[in-house]
Amino acid sequence: KIPPRNHTKPTIPMAALPLLRWGASSLHAHFSPTPPRRLFSALRQPPAAGRYEPGSRVMLKGMDYPELEKWVQSQGFRPGQAMMLWKCLYGNNVWAHCHDELAGLNKDLRKMISDHADLKALTIKDIITASDGTRKILFSLEDASVIETVVIPSARGRTTVCVSSQVGCAMNCQFCFTGRMGLRKHLSTAEIVEQAVFARKLFSDEFGTITNVVFMGMGEPLHNVDNVIKASSIMVDEQGLQFSPRKVTVSTSGLVPEIKRFLNESNCDLAVSLNATTDEVRDWIMPINRRYNLSTLLGTLREELRLRPKSIVLFEYVMLAGVNDSVDDAKRLTELVRGIACKINLISFNPHSGSQFKPTPDEKIIEFRNMLIQSGLTVMVRLSRGDDQMAACGQLGAAGDYQLPLLRVPEKFQVAL
């Protein structure tokens with residue numbers, strides 16, 4: 001039987017990811033001084049997804065296969081029927097979202113599922129098409145919250161779905177629209193998985209197979225580490241969605257304890273959003289650096305990747321004009337990642353409402369790239385996709401009633417902004 005939901009108020013160990021907390025007087029401020037030490041107080045997590053009260057309806061896409069098989073058997077059916085159900089959800093080009101799509105299942109099994117289970121966690125609110133063919137899907141959740149998922153076709157035959165892991169984000173990265181929203185809620189395993197299922201169901205005929213998944217939509221994936229690890233394992237299941245683990249990438253702003261856990265529990269790829277070569281700049285544009293600075297973050301990666309000799313980490317680097325795009329930055333970046341098996345992904349900054357930053361000119365991005373290549377690094381430049389419909393990197397989400405405050409700009413960068 002599925003264990004009952006724990007209704008007691010959960011507590012979080014000190015290693016859990018911190019949530020940015022601000023005084024009431026700061027909520028609507030345009031600028032704020034450096035936050036106090038309480039900036040990184042512990043976030044209380046919601047009850048774990050996938051636990052249900054006896055007799056309650058279950059969400060099928062919130063279970064991995066062992067859990068689904070156990071649940072089907074607990075209802076009096078054979079393990080083989082669980083595999084047939086699993087393939088209706090994720091394989092055989094069915095991608096079932098309603099009970100009528102469970103073709104081929106035993107009539108009694110279909111009735112039991114209809115009586116006791118739900119197949120659909122998301123509802124399509126809108127689909128927006130950008131001028132370059134990128135699609136942005138707006139999904140409504142059960143509580144009326146809205147998340148955004150992006151499907152990015154490529155002429156090279158690779159189509160990527162960019163999935164969200166939270167409504168909003170607690171990280172307050174200064175260059176990211178989602179990061180300024182604040183955290184509204186974590187997504188459940190089912191709500192994450194179903195974004196990839198919908199992408200295949202909606203666009204496989206038009207774009208061909210959806211080949212890649214990136215956890216680079218709304219939210220900090222490793223802040224919701226339980227559900228992200230579980231969702232990614234469902235995506236790479238060989239009897240289900242069958243994504244290659246090398247083509248599922250989970251991005252993080254640098255949560256060190258969760259990075260260790262992810263590298264030990266998941267066989268998917270890791271991306272780290274670096275974006276600065278000094279603690280002074282990273283403290284400002286990515287406040288998580290005040291908890292896990294560059295030395296701690298990169299030292300952890302060196303140590304952990306020694307245990308995974310075939311793994312390569314992807315460093316993402318958003319180019320901000322006059323902030324992190326100098327010749328000295330290129331030299332420091334080369335030294336920072338020395339000894340780490342990695343690739344560098346240079347990303348042009350995508351402007352959004354309320355943004356302080358400007359994108360680095362294309363020619364300067366190329367110069368920066370060439371310096372890194374000459375130092376022996378593998379470097380890619382990520383082109384903006386969907387930016388005319390706010391579907392590009394750093395543009396997802398909606399501001400809502402308030403945004404987390406802008407942080408004080410270091411004096412030497414005030415002219416650049």
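Predicted, not measured: the structure shown is a model, and the values here were computed from it.

1. With respect to the packing of aromatic side chains
Scanning all chains against the criterion turns up eight aromatic pairs. Ring geometry for Trp86 and Tyr90: centres 4.8 Å apart, planes at 70 degrees, overall edge-to-face. Within this pair, Trp86 and its partner Tyr90 are both found in helix α2 (residues 79-90), separated by four residues, close to a single helical turn. When its relative accessible area of 1% is taken as the criterion, Trp86 is described as buried. A relative accessible area of 1% means that Tyr90 is categorised as buried. Judged by centre distance (5.5 Å) and plane angle (20 degrees), the rings of Phe203 and Phe207 are stacked. Of this pair, Phe203 and Phe207 are both found in helix α4 (residues 189-207), four residues apart, which corresponds to roughly one turn of the helix. Each member of the aromatic cluster is reached from another via a ring pair, and the members are Trp284, Phe349, Phe357 and Phe413. Across from the ring centre of Phe243, 3.9 Å away, lies the NZ or CZ of Arg200, which sits over that ring.

2. Topic: empty space enclosed by the protein
Counting across every chain of the model gives two cavities of 30 Å³ or more. As a volume, the largest cavity reaches approximately 430 Å³. Cys176, Met216, Gly217, Ser251 and Ser273 are, among the 30 residues lining the largest cavity, the residues nearest its centre. Elements represented by at least two residues in the lining of the largest cavity include exactly β13 (248-252), β15 (313-319) and β16 (342-348).

3. Here's the deal with the nonpolar core
Leu60, Ile113, Phe175, Phe315 and Ile344 are the most contacted members of the largest nonpolar core, which totals 116 residues. The biggest single contributor to this core is α4, with eight residues. Structurally, this core is a two-domain feature, drawing no fewer than three residues from each of domain 1 (58-118) and domain 2 (123-413). Excluding residues that lie within four positions of it along the chain, Leu60 makes contacts with Leu68, Trp71, Leu85, Leu89, Tyr90, Ile113, Ala117, Asp118 and Leu119.

Rules and cut-offs
- Residues numbered from 1 in each chain as written.
- Predicted model: local features only at pLDDT ≥ 70, side-chain atom pairs only at ≥ 80, totals over all residues.
- Heavy atoms only, no water.
- Phe/Tyr/Trp six-rings, centres within 6.5 Å; stacked < 30°, edge-to-face > 60°.
- Helix = DSSP H or I, 4+ residues; strand = E, 2+ residues; numbered from the N terminus.
- Buried < 20%, exposed > 50% of the residue type's maximum accessible area, 1.4 Å probe, protein only.
- Lys NZ or Arg CZ within 6 Å of the ring centre and 35° of its normal.
- 1 Å grid on protein atoms, 1.4 Å probe; cavity = no way out; pocket = protein on both sides within 12 Å on 5 of 7 lines; lining within 4 Å.
- Points joined across faces, edges and corners; volume = space filled by probe spheres on them.
- Core = buried A, V, L, I, M, F, W, Y, C linked by side-chain atoms within 4.5 Å.
- Domains from an automatic or database assignment.
- Contact = heavy atoms within 4.5 Å.

None of this, on its own, says anything about what the molecule does.
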